[in-house]
Amino acid sequence: MSALRRLRTAGRSRAGGLLALTILIAGLAITGLATAQVRAGLAENRQQRLNSDAEQTTALFGAVGQSLQAVLATGSAVATATDGE
């Protein structure tokens, strides 16, 4: 093989290796950014679920409280009407 041919072959393999390295680095960067986006989305969804659960729990305790007030008011009215007997 002549010296010129060896230089051309070496140049091609270096260019191919550089291209492969560039593609690898770009792929890793894209994967890292996508992973960060997914994690941020999951954290936001988790926070929204917690807020929703807190609102539902508050509404539940409010409804239970109103039911208890109604039962106690009825009991009080019965006790008053029957003079506690």
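Structure first, text after, so check above.
Every value quoted in this text rests on a predicted model; they were computed, and no experiment measured them.

Cut-offs and rules
Residues numbered from 1 in each chain as written. Predicted model: local features only at pLDDT ≥ 70, side-chain atom pairs only at ≥ 80, totals over all residues. Heavy atoms only, no water. Helix = DSSP H or I, 4+ residues; strand = E, 2+ residues; numbered from the N terminus. Buried < 20%, exposed > 50% of the residue type's maximum accessible area, 1.4 Å probe, protein only. Areas by Shrake-Rupley, 256 points an atom, 1.4 Å probe, with all protein chains shown as cover. Patch = residues over 30% accessible without salt bridge, like charges linked within 9 Å, V, L, I, M, F, W, Y side chains within 5 Å. Salt bridge = Lys/Arg side-chain N within 4 Å of Asp/Glu carboxyl O.

> Please set out the overall build of the protein residue by residue, giving values where relevant.
On a plain count of helices and strands, the protein comes out with one helix and zero strands. When each of the 85 residues of the protein is scored for burial, the buried share is 0%. Entry remark: accessible area of the protein is about 7,500 Å², with carbon and sulfur atoms responsible for 65%.

> Summarise a nonpolar patch on the surface; cite the residues concerned and give the values.
A cluster of nonpolar side chains, namely Leu 18, Leu 21, Leu 24, Ile 25 and Leu 28, defines an oily patch on the protein surface of about 510 Å² accessible area. Along the chain, Leu 21 falls in helix α1 (residues 3–81). The exposure class assigned to Leu 21 is partly exposed, which follows from its relative accessible area of 45%.

Honestly, that's just the spatial picture; any functional story needs more than this.
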